[in-house]
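Listed here are the chains, written in short residue letters.
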Amino acid sequence: MLTSRPRGTEDILPEEVGRWYLLEATAREVSRLYGYREIRTPVFEHTELFNRGVGDTTDIVEKEMYTFTDRGGRSVTLRPEGTAPVVRAFLEHHLEAGGLPVKLFYLGPMFRYGRPQAGRLRQFHQFGVEAFGSRDPALDAEVIALAMDFYNRLALKDLELHLNSVGCPACRPRHREKLQDYLRPHLTDLCPTCQGRFERNPLRIFDCKSPACQEIVAGAPTLAASLCPDCGEHFERVQEYLQELGIDFILDEHLVRGLDYYTNTAFEIMVKGIGAQSSIGGGGRYDGLVEALGGKPVPGIGFGLGLERVLLALEAQGRDLTPDRGIDVLVVTAGAGVERAAVHLLAGLRAGGLMADKDYLGRSLKAQMKYANRYPARLAVILGEEELSRGQVLVRCLDTGAQEEVPLEAAVEYCRRVKGTCGG
């Protein structure tokens, strides 16, 4: 029997799903407040979308994508990130026709092949937003504020917002030349991957996790010193808006993010206490991506937040996200002649908005009461043959032990009224 899940994946069991409901509900609510609408894209896309959109010199494309040939001979890839699919959908469905800006959010699984570790799975989940149609620095600040608002609503503490500008096509050639001049004497000391990036995309070397490469680029010229006037002004205004919103940030000139499509604003949000993978989300501006994927020039900005990492951070900070897993009412039967009435009452309780269940294993009355406490249930409605002959049922509060006999026809309303005073 196949009884183990694939490495790097997790089962989300019934007692854990409630935490995900809370994360997803929070994401949807904060997106609604900021005017972002949900979009759902396919779990797999044409491979070329990620090669062109994410960048063929990134770790994602070079090392981490789940790519395969389907039965029709087409190369398809399980989505490793959410932005490129959303841009593809934006173009395919002409969403700009409804007017700009277009503000979207998504929730769903992503897939990357890598060494599994805490907070870094091969199937993981992201909450992300994308906004198309404006280069206004205030929109950059809004997207960052939305991410921080999401964390704040979950009461996540000790956050660090790292901020940088990665310039534009006008800035980067000057910086590229300076960076290559700096790296050339160290070329043989770089890891093999970064040696290959030296000519194709040396900026990616900043994102390498190799300790040797990190040590080399620690003294390298940064893009911040090469920004053109437009990019410099844009970045200053983003900082001013964040200060206006009371959002603290750390200027991090070595932050480039792991994707080639970023321009201007880049940001990453980190938290202590979850091990080496301290980043729980990030994003930035990508003003050339829509055009790179075949559309007209349309600016964009967005982020992607890893939900598994958010859960790890919340757990590390002692935040209990586990909801009450109990039910409102357990219908308990005492005697073979009450089963039809029990089924009818159970349906009435559910129709009345109460979370209700009954015993389906033929347990004794004593065993059913133990089951009610273990479930746990707030109330037990006991149907006995003698009471039922008089049109009565017994309602017991399992928290206090208090009980009362009430008419069968009034049982649903009575349970609705008293359930709040009986803890499960």
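Above this note sits the structure.
Read on for an overview of the structure. Just so you know, these numbers come straight off a predicted model, no measurement behind them.

Cut-offs used in this document
Residues numbered from 1 in each chain as written. Predicted model: local features only at pLDDT ≥ 70, side-chain atom pairs only at ≥ 80, totals over all residues. Heavy atoms only, no water. Pairing = 2+ DSSP bridges. Helix = DSSP H or I, 4+ residues; strand = E, 2+ residues; numbered from the N terminus. Axes fitted to C-alpha atoms, helices over the stretch in contact; angles between N-to-C directions. Contact = heavy atoms within 4.5 Å. Disulfide = S-S within 2.5 Å. Buried < 20%, exposed > 50% of the residue type's maximum accessible area, 1.4 Å probe, protein only. Polar contact = N/O pair within 3.5 Å; in protein donor to acceptor, adjacent residues only side chain to side chain.

Structural notes on the sheet that holds strand 16 (residues 403-407)
Okay, step 1: Judged by pairing direction, the sheet is mixed, and its five strands sit side by side in the order 13-12-14-15-16 without closing on themselves. Unpaired on one side and paired on the other, strand 13 (356-358) and strand 16 mark the two borders of the sheet. Ignoring strand direction, the axes of neighbouring strands in this sheet form an average angle of 25 degrees.
Okay, step 2: The pairing of strand 12 (residues 327-334) with strand 14 (residues 377-384) spans seven bridges and is parallel. Counterpart to alanine 334 in the pairing with strand 14 is glycine 384.
Okay, step 3: Contacts from helix 12 (residues 339-351) reach strand 12, strand 13 and strand 14, with the element oriented near 165 degrees to strand 13.
Okay, step 4: Against the sheet, helix 15 (residues 411-418) contacts strand 12, strand 14, strand 15 (392-397) and strand 16, and its axis sits at roughly 145 degrees relative to strand 16.

Brief notes about the state of the cysteines
Okay, step 1: As enumerated under the stated definition, the model contains one disulfide in all.
Okay, step 2: Between the sulfur of cysteine 397 and that of cysteine 422 lies a disulfide, 2.3 Å long from S to S. The sign of the S-S torsion, about -135 degrees, decides the handedness of the disulfide formed by cysteine 397 and cysteine 422: left-handed. Taken together, the positions of cysteine 397 in strand 15 and cysteine 422 in the segment after helix 15 put the pair 25 residues apart, joining distant regions of the chain. Side by side, cysteine 397 and cysteine 422 carry an identical accessibility label, which is buried.
Okay, step 3: For the unlinked cysteine cysteine 213, the closest cysteine sulfur is that of cysteine 191, found at 3.7 Å.

Some remarks on the environment of glutamate 308
Okay, step 1: The residue glutamate 308 is located in helix 11 (residues 307-316) in this model.
Okay, step 2: A polar contact of 2.7 Å, which involves the side chain of glutamate 308, links it to the side chain of histidine 125.

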